[in-house]
Each structure stands twice: as structure tokens, then as C-alpha cells.
Amino acid sequence: MSKTEKVITSLQGMGYSSATPALHPVAFLLVTLSYLVCMLSVPVGSLSMLLWYGLYPIVMSAATGCDFNRLFLKSLVALPFAALIGVFNPIFQTEGAFRIGNVVISRGWASFVSIIIRAVYSVQVLLLLVMNGGFIGFCRSLRKIGMPSVLTTQLLMVYRYLEVLLQESLDMSRARKARGYGKRNFDLKTWGTLCGQLFIRTVVRSQNIHRAMLARGFDGALPAYNPGGGVNKVSFKDIAFMLICIGVFAAMRLFDFSKIFSM
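Novice: What exactly am I supposed to notice about the overall build of the protein here?
Specialist: Looking only at helices and strands, the protein features twelve helices and two strands. In sequence order, the secondary structure elements of the protein are arranged as α-α-α-α-α-α-α-β-β-α-α-α-α-α. Burial statistics for the protein: of 263 residues in total, 33% are counted as buried. Considering only contacts within the protein whose residues lie at least 6 apart along the sequence, 79% involve residues at least 24 apart. Working note: accessible area of the protein is about 16100 Å², and carbon and sulfur atoms make up 67% of it.

The following block contains the structure:
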């Protein structure tokens, strides 16, 4: 199986959860939003407060049956982007932020590490959210809490047309290999032609799909259909979980537990 086929298979599996969600997608979404608000609002110099938020992805991975090691490896994809955001902070922010023993940590290094940690945490909780109810369940949860349907529909369209783009690129790759007579490297002109043809093929394919959707009564919002099953109503367990998590996140934001336990 080629890399493109693996990506297509992975995208297809992200649509719906393979099992009944452990928690209602709406409750999980509200908990995730509260986590992101509290975690991202931690002051830059308070790394000890920020580290406590790393317990949530670990605990929720065990509670929902996800492999945290796999989740952690997937979250590392955000490291290059986070590093580019804060790479110049240690150069321009040289004033001291805190001291570890006899070593003074500058504000630039503190903010640089803080950006990386926040990025990894954010990707981990979003992956947990998608794994719990699927990407389609995530989009419908956004719609239920009041996000405009035009935005949620756009998210669903991007997800579905991404698979169309990859499928077209896979077909072109197979055709290129069949007509390449064993040649693996191509010049820049050939790659430019392939990219142009890929763009044209995906546009034509998307237009055909859109016409088919209009013929079937598409009115701007996708119908509610969930072949994967799942919960439909928020249970008492979901409400209790949501209230407890929001309370814990708020407490970790207001109090530095590291100083409390070190007393």
C-alpha cells in the first residue's frame, strides 16, 4: 500500500468513530473548548501551571481507550510550526523570567518552550475530540452549540474533497508509473504539467459532485446521518463529566498547584 493509499484510508476512518463514543460529542466539545481557553490563557512565565494541563490528555486517552503513545507521536507534527513562531523569542527577550538553581531562564526561552507545550497540548486534545466522535460528529457538535451552518458545512466539504484530491493524485501517480517505463525522476516541466492536470481534474470532479448534490436537494447544509450510530442525548454522566472537568481546568488556571504541593 502506497503512502497516498494509507492517507486515504486514514481519512476514511476519521469520518465516524469506529465504536460508540465514550462521551457525548457536544459534552466533549465543550470540555475541550474550556480546556483550550484555560490552558492558552496561562501566563507565559508560569510553566509550572502549564505542565499540570498535560494530565488531561493522558487521563482521557486511558478513559476513551486511545493509545497515548500514538496520540503523542501524532501531536509532534505541530512542533515545526510552533518552533517557527517562537524561534526568535530567545534572541529578543533576554530579560530573566525565573531561576532554576543557579541558572537564570530568560523570558524568551520561557515563551519559546511555552509555545511548543501549548501547541502539543492543543493538537492532542483536538485529536482526542475527533477520535471520540469522528470528524463528522465534531462538525455536527459545532453546529449544535451555535456555529453557523455555512462554516460547519465548509469544514465537512474540505474533509470530503480532500479525499477526492488524494484519489485523483493516486490515479495520476499510477498512470505515470505505468507509462514511465521504470523512470522515477521527472523534470520540472513534467511535474508542472502533472500539478496543472491534478488541479483541473479535481475541479471537474468537484463540479460533478456539486451538481449531483443539487439534484438530490442540497440546500447548503448536509443532512443528519450517522451510520456509525452513537449517543443522541446528553446523559447525566456527560453533564457530570463536563462540570467536573471545567471546574478542574478553572482551578488549575487560578491556582498554581506546584506551589501548593511544595509547601
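Novice: Hey, could you run me through the packing of aromatic side chains in this one?
Specialist: Geometry of an aromatic ring pair is reported as the spacing of the ring centres plus the angle between the planes. One pass over the structure, following the stated rule, counts ten aromatic pairs. Measuring from ring centre to ring centre gives 5.2 Å for Tyr35 and Phe249, while their planes differ by 70 degrees; the resulting arrangement is edge-to-face. Here Phe249 lies in helix H11 (residues 236-254) and Tyr35 lies in helix H2 (residues 25-40), a separation of 214 residues in the sequence. There is no split in this pair, since Tyr35 and Phe249 are both buried. These aromatic residues form a ring-pair network of at least three members: Tyr35, Tyr53, Tyr56 and Phe249.

Novice: What am I meant to see in the environment of Ser122 here?
Specialist: As for its placement among the helices and strands, Ser122 is situated in helix H8 (residues 107-144). For Ser122 and Leu36, which are 86 residues apart along the polypeptide, the C-alpha to C-alpha distance reads 6.8 Å. Those residues in contact with Ser122 that lie beyond four places of it in its chain are Leu36, Met39 and Leu40. A polar contact is formed between the side chain of Ser122 and the backbone oxygen of Arg118, at a distance of 2.7 Å.

Novice: So what exactly am I meant to see when it comes to the side chain of Thr202 here?
Specialist: When you line up the elements, Thr202 lands in helix H10 (residues 188-215). Here Thr202 falls in the buried class, since its relative accessible area comes to 14%. Only 2.9 Å separates the side chain of Thr202 from the backbone oxygen of Leu198, close enough to count as a polar contact. Residues within four places of Thr202 in sequence aside, it is in contact with Leu165 and Glu168.

Cut-offs and rules
- Residues numbered from 1 in each chain as written.
- Predicted model: local features only at pLDDT ≥ 70, side-chain atom pairs only at ≥ 80, totals over all residues.
- Heavy atoms only, no water.
- Helix = DSSP H or I, 4+ residues; strand = E, 2+ residues; numbered from the N terminus.
- Buried < 20%, exposed > 50% of the residue type's maximum accessible area, 1.4 Å probe, protein only.
- Contact = heavy atoms within 4.5 Å.
- Areas by Shrake-Rupley, 256 points an atom, 1.4 Å probe, with all protein chains shown as cover.
- Phe/Tyr/Trp six-rings, centres within 6.5 Å; stacked < 30°, edge-to-face > 60°.
- Polar contact = N/O pair within 3.5 Å; in protein donor to acceptor, adjacent residues only side chain to side chain.

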